[in-house]
Amino acid sequence: MRRLIFFGGAGFLLLFVLSFAKPASAASSTMYTWTPSKLYKTASGAAYSGNVNSGTAVTVYSKSGKRYKVKTGGKTGYIYAYNLTSSKVKKEDYFGSKIYKQAAGGPYVASVPAGKMMYIKMEATKNGMYLAHVIGTGYSGYVDKTHFIKPVVKYTWMPSKLYTSATGNSYKKTIKDGQKVSVFNGSHGRYQVKAGSSSGYIYANNLTGTLAKKTVYVSSKLYTTSSHTKYTAVIRPNKQVYVKESTQNMSHVCVVGTAQSGWIYTSHFTKPAPAAGGTTSTPKATAGTSQTGSSTAGGTTAGTATGSTSGSASGITGSAAATSGTTATTTTGNTGSGSASATTATGKTGSGSASGTTATSNTGSGSASGTTATGNTGSGSASGTAATGSTGAAAASATTAKGLDVSHYQTLTQSSFNLMKRQGYSFVILKATEGTGYTDSKFYTYYKYARNAGLSVHAYHMIGNSTTAPAQHIAEAKHFYQVLAQTKASTGYAFTGYAFEDIEPTGTNSITTTWWANAAPACAGYFLNEMQALGQAKVGIYAGYFNWKSYLEGHTDTWPGNTKIWLARYNTTLGTNADVWQYTETGTIDGITGHFDLDISYDPDF
């Protein structure tokens, strides 16, 4: 009996000792509390022996239900499994965050400012959020992962709306241009940012990594793209702009303190050298915007025309000096002056002089020491029987006409068009449409004004897409045709001019070099042929000189045979054959505010 009692007592003692030994089936490991945790006395009870701070290392033995048996600081107890993490990660919240109850957002428990330190439960990452605890507080929950990535500093180069979400249209405020912002992540074309104490989303293309403020020294057009074909406004000299980027001699800018943005020539940031006498000269915006044309006879200067725009068909201030010989029998100077030392000299616009039988200068200056000389635009001269200038230093045949193209970007009245006519302009080309649904708001108004003034009126359509599908280009042609067909009902005048398709890249049509090289001629053919099929017999194409020479010229076999060519080249010479030359974009007309695209036509239909 005593043996049994002794044995039983020994067995009890053995079991008592074993109860404090490490479980043979549970190897110990180290984990960390990412949030403050209670150290419970049992695996299921509510009683606890103390609190364990966040970030504390604990030795884990086994799991029982929802709790781990752990040892920390000499104490043994139980901690809920979800309060433990396999690695200790401490991160700074650079953004300032809402602590959400759920990873999907919704209700939140608190908002914390930027700079707060948190412990992160890495393995609980969900929906782009960390399960986190704000150190030194009682706040735990889900926080946007991107808020723990150190932000990149960027700047607003133009006024920017601070949107409440990455996709919505609601916004909190407008951030001024030139403001420093902290950028955290991007989504749907917008960056999540902090601007001062405000946070939200700003379009990525409104931000720049470096901010340069520069002065524009020359009157500069704000182009819609770096290909500098169409513009939205004109920057006056000495205005300051923020520069976002520069490419191909163009800079993307925003006028400081305004929402006006676009591309201008990078060279316009160079301060002009002082002119003679110490004064500052202001050159024209583009090469070839002014010209002095002279005519000579017998080696002596006989006439000059100064003040015309380069390549234009006017001699605003003209003077003529007669050469040696007898006084001219007849001198007629309609605009400018004409002089002669022979029988007859007629200077219709600019100056004309002759030491031969007849000299006729219709536009610009003409001179001859032979039988006949005709200088219609710019300067034409001859020492033989006849001379006719057609292409070169703004020279053209007797049918040359002055014109311009405008859209709703110019603010014009009936008086404006009357002034154009009085100053020798004979035609105007108006923007009518773009894409498959846009109609220029001033087309019908300006059409009526121009016809009232006695001008020949034509129209252009801006290509709205870069697809290669024929249906899209045919749809654009139908839209253009329908707008032109309504001209009589809207103005009282039927549309009788040429209808041009303007092919150039814009901010919306996504035209690329690949499109130019592979699709441009065919797409133009779809449009032009549809216009003629609908009943618009007079059609044409507008393009920049480079794109014409590189991609279109020599590939027009699918176009209507009577297609007119209208080219833009801002130079002293066009350098190729065309029906209409847009030679400047900064032309001026006396009595009318603003700058204009000026054109010369070599076609009698204009």
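In short, a report on the structure. (Residues numbered from 1 in each chain as written. Predicted model: local features only at pLDDT ≥ 70, side-chain atom pairs only at ≥ 80, totals over all residues. Heavy atoms only, no water.)

1. Here's the deal with the packing of helix 4 (residues 470-485) against helix 7 (residues 520-534)
Two quantities define a packed helix pair, namely the angle between the helix axes and the distance between the axes. Which entries qualify depends on this criterion: Convention adopted: a line fitted to C-alpha atoms gives each axis, helices being fitted over their contacting stretch, and angles between N-to-C directions are expressed from 0 to 180 degrees. Numbering goes from the N terminus for both helices and strands, where a helix is a DSSP run of H or I of at least four residues and a strand is a run of E of at least two. Geometric relationships in this document are graded by angle, where less than 35 degrees denotes roughly parallel, more than 145 denotes roughly antiparallel, 65 to 115 denotes roughly perpendicular, and other angles denote oblique. Note: crossing handedness is left-handed where the near helix turns anticlockwise from the far helix by less than a right angle, and right-handed where it turns clockwise. Between two residues, a contact is recorded if the distance between any of their heavy atoms is within 4.5 Å. Under the scheme applied, nonpolar residues are Ala, Val, Leu, Ile, Met, Phe, Trp, Tyr, Cys and Pro; charged residues are Asp, Glu, Lys and Arg; polar residues are all the others, including Gly.
For the pair helix 4 and helix 7, the least separation of the axes is 8 Å and the interaxial angle reads 40°. What the angle tells us is that helix 4 and helix 7 run oblique. Of the two elements, helix 4 crosses helix 7, and the hand of that crossing is right-handed. Residues Pro 470, His 473, Ile 474, Glu 476, Ala 477, Lys 478, Phe 480, Tyr 481 and Leu 484 of helix 4 form the contact with helix 7, whose participating residues are Cys 523, Tyr 526, Phe 527, Glu 530, Met 531 and Leu 534. Within the contact of helix 4 with helix 7, the residues separate by chemical class into eleven nonpolar, one polar and three charged.

2. Here we look at the nonpolar core
Just so we agree on the cut-off: Put simply, a nonpolar core is a bunch of buried Ala, Val, Leu, Ile, Met, Phe, Trp, Tyr and Cys residues held in one set by side-chain atoms that sit within 4.5 Å of each other. For the exposure calls, accessible area comes from a 1.4 Å probe over protein chains only, and a residue counts as buried if that area is under 20% of its type's maximum, exposed if over 50%, partly exposed in between.
Within the largest apolar cluster, 55 residues are counted, with the highest numbers of intra-cluster contacts made by Leu 404, Phe 417, Met 420, Val 428, Leu 484 and Trp 515. Tallying contributions element by element places helix 7 first for this core, with six residues. Beyond its immediate stretch of four places on either side in the chain, Phe 417 contacts Leu 412, Val 428, Tyr 446, Tyr 449, Ala 450, Ala 453 and Leu 455. By size, the runner-up hydrophobic cluster in this structure holds 17 residues, among which are Met 250, Phe 427, Phe 500 and Val 580.

3. Some points on the pattern of salt bridges
The following threshold applies: Salt bridge, as used here, is a side-chain nitrogen of Lys or Arg placed within 4 Å of a carboxyl oxygen of Asp or Glu.
Considering all chains together, one arrives at six salt bridges under this definition. With a closest N to O distance of 2.9 Å, Glu 553 and Lys 549 form a salt bridge.

4. Observations regarding helix 8 (residues 545-552)
The complete set of buried residues in helix 8 reads Tyr 545, Asn 547, Trp 548, Tyr 551 and Leu 552. As for helix 8, its buried residues are in contact with helix 6 (513-518), helix 7, strand 41 (539-544) and strand 42 (564-568). Count one or two residues on from helix 8 and you reach Gly 554, which has phi positive near 85°.

5. Focus on unusual backbone geometry
Although it is not a glycine, Asn 127 adopts a positive phi angle of roughly 50°. Following the sequence through the fold, Asn 127 ends up in the loop between strand 11 (116-126) and strand 12 (129-134). The exposed category is assigned to Asn 127, whose relative accessible area is 59%. In the Ramachandran plot, His 188 falls in the positive-phi region, its phi being about 55° despite a non-glycine side chain. Mapped onto the secondary structure, His 188 falls in the loop between strand 17 (180-187) and strand 18 (190-195).

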